[in-house]
Amino acid sequence: MDESADLPAIALDYPLIPTAPPGFKSGFVGIVGRPNVGKSTLMNQLVGQKIAITSPIAQTTRNRLRGILTTPTAQIILVDTPGIHKPQHQLGEVLVKNAQNVMHAVDVLLVVVDSTVAAGRGDRFIAELANQSQVPVVLGLNKADQQEAEPALLDQSYEALAQEYGWPWVKFSAITGEGLEPLMAQLISPLDPGPYYYPPDLVTDQPERFIMGELIREQVLLMTREEVPHSTAIVIDRVVEEPTITRVLATIQVERDSQKGILIGKGGSMLKAIGTAAREQIQKLIAGKVYLELFVKVQPKWRQSRSNLADLGYQVEE
Ligand SMILES: Nc1nc2c(ncn2[C@@H]2O[C@H](COP(=O)(O)OP(=O)(O)OP(=O)(O)O)[C@@H](O)[C@H]2O)c(=O)[nH]1
Ligand SMILES: [Mg+2]
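Residues numbered from 1 in each chain as written. Chains lettered and ligands numbered in written order. Predicted model: local features only at pLDDT ≥ 70, side-chain atom pairs only at ≥ 80, totals over all residues.

Student: Hey, could you run me through the sheet that holds strand β4 (residues 108–114) in this one?
Tutor: Sheets are built from strands paired through backbone hydrogen bonds, the pairs being either parallel or antiparallel. A sheet is described by the order of its strands in space; here 6 strands give the open sequence β2-β3-β1-β4-β5-β6, paired in mixed fashion. Strands at the two margins of the open sheet, each flanked by one partner only, are β2 (65–70) and β6 (169–171). Going from strand to strand, the sheet's axes swing by 25° on average, the running direction of each strand aside. As judged from the 7 bridges shared by strand β1 (residues 25–33) and strand β3 (residues 74–80), these two strands associate in the parallel manner. Considered in β3, the bridge of Gly27 is made with Ile76. Relative to β2, helix α2 (residues 39–47) is tilted by about 35°, and along the sheet it contacts β1, β2, β3, β4 and β5 (137–142). (Pairing = 2+ DSSP bridges. Helix = DSSP H or I, 4+ residues; strand = E, 2+ residues; numbered from the N terminus. Axes fitted to C-alpha atoms, helices over the stretch in contact; angles between N-to-C directions. Contact = placed C-beta atoms within 7 Å.)

Student: Even after reading the chapter, I still don't get unusual backbone geometry, so can you show me in this structure?
Tutor: Glycine aside, the phi torsion of most residues is negative, and most peptide linkages are trans. In this model, Gln59 sits at a positive phi of 65°, which is unusual for a non-glycine residue. Tracing the backbone shows Gln59 in the loop between α2 and β2. Here Gln59 falls in the buried class, since 20 other C-beta atoms lie within 10 Å of it. The phi angle at Ala287 is positive, at roughly 50°, despite the residue not being glycine. Considering the arrangement of structural elements, one finds Ala287 in the loop between α10 (269–286) and β9 (290–298). Residue classification places Ala287 among the exposed positions, given that 6 C-beta atoms sit within 10 Å. (Buried ≥ 20, exposed ≤ 12 C-beta atoms within 10 Å, placed from the backbone.)

Student: Quick question: what am I supposed to make of the environment of Pro35 here?
Tutor: Positionally, Pro35 belongs in the loop between β1 and α2. For Pro35, a count of 17 C-beta atoms within 10 Å corresponds to the partly exposed category. Along the sequence, Pro35 and His85 sit 50 residues apart, while their C-alpha atoms lie 6.9 Å from each other. Not counting residues up to four positions away in its chain, the partners in contact with Pro35 are Ala58, Gln59, Gly83 and His85.

The following block contains the structure:
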C-alpha cells in the first residue's frame, strides 16, 4: 500500500504551525508547589482563559494540564500540576507522583509559594525536590495582593530560600495580574531557541470533554463540604452536538450513599444548583447553548482502587 498517498489529506486536517522566526524561544515550564498556592489560577491568567479549575479547597487539580502561551518572541508550554502533599490514599499518591515526574520532564521549573504566609516545611521540601531535578528554577511568590501584616518579613523568608539555591524570585498576583511581566521574562530567559510546538492561537491541548468534566467537578468543590469534594470524580458519558444545542450527559461518582444524598440534596436542590452553575461554565467554554444532565452514582472506595483510578484518567504518567 502506498501510504504517502494519504499524507496531503492528513496534513490538511491539522491547524497550521508557522515556522519560528530567528531567535524565537520555546520550551516547557512546570508549575509546582503546595496545594492551594494558586498554580492553576496563575496558568489561567497567563494564557488568558479558564482552562484549569480553581477553588479554595486544597488538591483541586488532579491532572497534569498544559496551557500554551505564545508571544511574538516565545512559546511557553505551562504544565500545571497537582499540589504536592502527604498522600493519604492511592489517588493522592498518583497525584503527587505525577507532579514530581513533571520536575524532570520540563525545561524550567516555577516553584509557586503563597506569600501571605512565611516559608514553611512544605515549601522547603518542594524546593529541595526542585533543586535535585537539575532544571533551572524560578521561585514565584504569589498572592502579592493579599499580603497583610509585615510583607517584608514574609518576603525575607522566601528570599532566604531563593538565595540558598541561587534562584531568581519574582513576586506577583495571579488574580490581579500584577507582576506577571517580570515573571514571564524570568521564565523565558533560561529557554533555548526552539520551534512553535503548537499553533500560536491554541491555549491548551486538553480535550473539551475533559474540561467539561472539570467544570462540573469545580462546582462540586465550591458547593459541598468536608469529604464530599475529595470523594468525587466525574465521568462524561455522552456529548451530542445538535445544530442549536450541545447535550452533555455526565455522572458524578462518589464513594458512599451519604455523599450521594448530599450531592442530590433536598428534593434534588443541590444537584440542580451544581448543574445550573456547571452548565453556565460549559456554555462559556464552547460558546454555545448547553443542556446538561447529571447522574450520581456510588462506587465504593474508588480512590483506593488502581483500576478505578485508571478508568477515571488518574494514573502515573512518566
Ligand atoms: N488573593 C489571591 N488569591 C489567589 C491568588 N491566586 C490564587 N488565589 C486563590 O487561591 C485559591 C487556590 O487557587 P488554585 O489556583 O486552585 O490553587 P492551586 O495551587 O492550583 O491548588 P491545587 O490544585 O489544589 O494544588 C483559590 O481560592 C484562588 O482564588 C492571588 O494571586 N491572590
Ligand atoms: Mg490547581
